[in-house]
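The lines below spell out each chain.
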Amino acid sequence: MGLFSDILSSEESLFVEPMALDFDYQPSVVRHRENEQTEIVNQIKPLFSKRNGNNLFIVGIPGIGKSVCLKHVLRELNSETDEIHTIFINCWKKDSPFKVVNQICEELGFTWTHNKSYEELLSKALELLNKKSAVIVLDEVDRLTDLKVIYSLLEDVFRRSLILITNHKEFLINLDTRIKSRLAASSLEFYPYKLSQVYDSLQQRKDF
């Protein structure tokens, strides 16, 4: 009997659907975050009337559904209208202004980004964003090495809701006053799940 003879083959698994336990799993319904989702939607609503949306600062410890809720809201928004751009950027991966505007350009269909400067890409990103309204989410925003891109998005995108997500409450407190005054954001804190809610969410994944 070999040392590895009892290991499951690539076609076998202890789980019926391993994807449901994946970190990036996106449930079709986000339970126990209904109030938070309603608050997010309320900040976005003015965009439907072609008015400027409200900005939102979201805080909470890791792993309690902040990103999942935002992705769910954006998915619902995309199914409702094609008149609002939806941009979700993970600043842990895109940690510089250049990387942020580069992703915005690519998501909006402009792929000729090679050898372009930050200013050139920013100009193109703003041009594309301003063709419609926009919801722009900067997740893990505290990982940005330079916050000038936030200032530009606030100043030069005509109709938008900018949503900043972080694990650190002090991020907003320490934000540059020029950005903070333009942001004028409401705050939404995500609190940890109760044990019964964790159980129910795991049951949801089991039934996936």
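Residues numbered from 1 in each chain as written. Predicted model: local features only at pLDDT ≥ 70, side-chain atom pairs only at ≥ 80, totals over all residues. Heavy atoms only, no water.

### A short note on the side chain of K66
Thought 1: Inspection of the secondary structure assignment puts K66 in helix α2 (residues 66-80).
Thought 2: Comment: no salt bridge for buried K66; closest opposite-charge side chain is D139, at 6.3 Å.
Thought 3: Residue contacts for K66: discarding those within four places in its chain leaves I58, V59, G60, I61, I165, T166, N167 and F190. (Helix = DSSP H or I, 4+ residues; strand = E, 2+ residues; numbered from the N terminus. Buried < 20%, exposed > 50% of the residue type's maximum accessible area, 1.4 Å probe, protein only. Lys, Arg positive; Asp, Glu negative; His and termini not counted. Salt bridge = Lys/Arg side-chain N within 4 Å of Asp/Glu carboxyl O. Contact = heavy atoms within 4.5 Å.)

### Some thoughts on the pairing of strand β2 (residues 84-90)
Thought 1: In terms of burial, β2 is largely enclosed, as 6 of its 7 residues are buried.
Thought 2: The pairing of β2 with strand β3 (residues 133-139) spans 7 bridges and is classified as parallel. Pairing of I87 across the sheet is with I136, part of β3. (Pairing = 2+ DSSP bridges.)

### Thoughts on the nonpolar core
Where a protein is soluble and globular, its nonpolar side chains tend to be buried together.
Thought 1: Counting residues in hydrophobic clusters, the biggest one holds 34 residues, and the most contacted among them are L138, I150 and L162.
Thought 2: Broken down by element, this core gets its largest block of residues, 7 residues, from helix α4 (residues 118-129).
Thought 3: Excluding residues that lie within four positions of it along the chain, I150 makes contacts with L138, V141, L144, L162 and I179.
Thought 4: In this structure, C69, V73, I84 and F190 belong to the second largest nonpolar core, which totals 20 residues. (Core = buried A, V, L, I, M, F, W, Y, C linked by side-chain atoms within 4.5 Å.)

### Things to note about the sheet that holds β2
Thought 1: In space, the 5 strands of this open sheet follow the order β2-β3-β4-β1-β5, with parallel pairing throughout. Bordering the open sheet on either side are β2 and β5 (186-189), each of which pairs with just one other strand. Direction aside, the axes of adjacent strands within the sheet are offset by 15° on average.
Thought 2: Summarising the sheet, strand β1 (residues 56-59) and strand β4 (residues 160-166) pair through 4 bridges and their orientation is parallel. The residue of β4 that forms the bridge with L56 is I163.
Thought 3: In the packing of helix α1 (residues 34-44) onto the sheet, the strands contacted are β1, β3, β4 and β5, and the crossing angle to β5 comes to about 160°. (Axes fitted to C-alpha atoms, helices over the stretch in contact; angles between N-to-C directions.)

### As for the packing of aromatic side chains
The description of an aromatic ring pair rests on the distance of the ring centres and on the angle between the ring planes.
Thought 1: Tallied over the entire structure, the rule returns 1 aromatic pair.
Thought 2: Taking the centre distance of 6.4 Å and the plane angle of 10° together, the rings of F57 and F171 count as stacked. You can see F57 sitting in strand β1 and its partner F171 sitting in helix α6 (residues 170-173), a full 114 residues away along the chain.
Thought 3: The exposure class of F57 is buried, given its relative accessible area of 3%.
Thought 4: Above the face of the W92 ring, R143 is positioned so that its terminal group lies 4.0 Å from the ring centre. (Phe/Tyr/Trp six-rings, centres within 6.5 Å; stacked < 30°, edge-to-face > 60°. Lys NZ or Arg CZ within 6 Å of the ring centre and 35° of its normal.)

### Thoughts on the layout of surface pockets
Thought 1: Volume-wise, the second largest pocket comes out at about 170 Å³.
Thought 2: Around the second largest pocket, the lining residues are V41, I44, K45, F48, V73, E76, L77, S79 and E80.
Thought 3: For the lining of the second largest pocket, the elements supplying multiple residues, two or more each, are α1 and α2.
Thought 4: In terms of residue count, the dominant contributor to the lining of the second largest pocket is α2 (5 residues).
Thought 5: A breakdown of the residues in the lining of the second largest pocket according to their chemical character gives 5 nonpolar, 1 polar and 3 charged. (1 Å grid on protein atoms, 1.4 Å probe; cavity = no way out; pocket = protein on both sides within 12 Å on 5 of 7 lines; lining within 4 Å. Points joined across faces, edges and corners; volume = space filled by probe spheres on them. Nonpolar A, V, L, I, M, F, W, Y, C, P; charged D, E, K, R; others polar.)

Bear in mind that shape data such as this cannot, by itself, settle questions of function.
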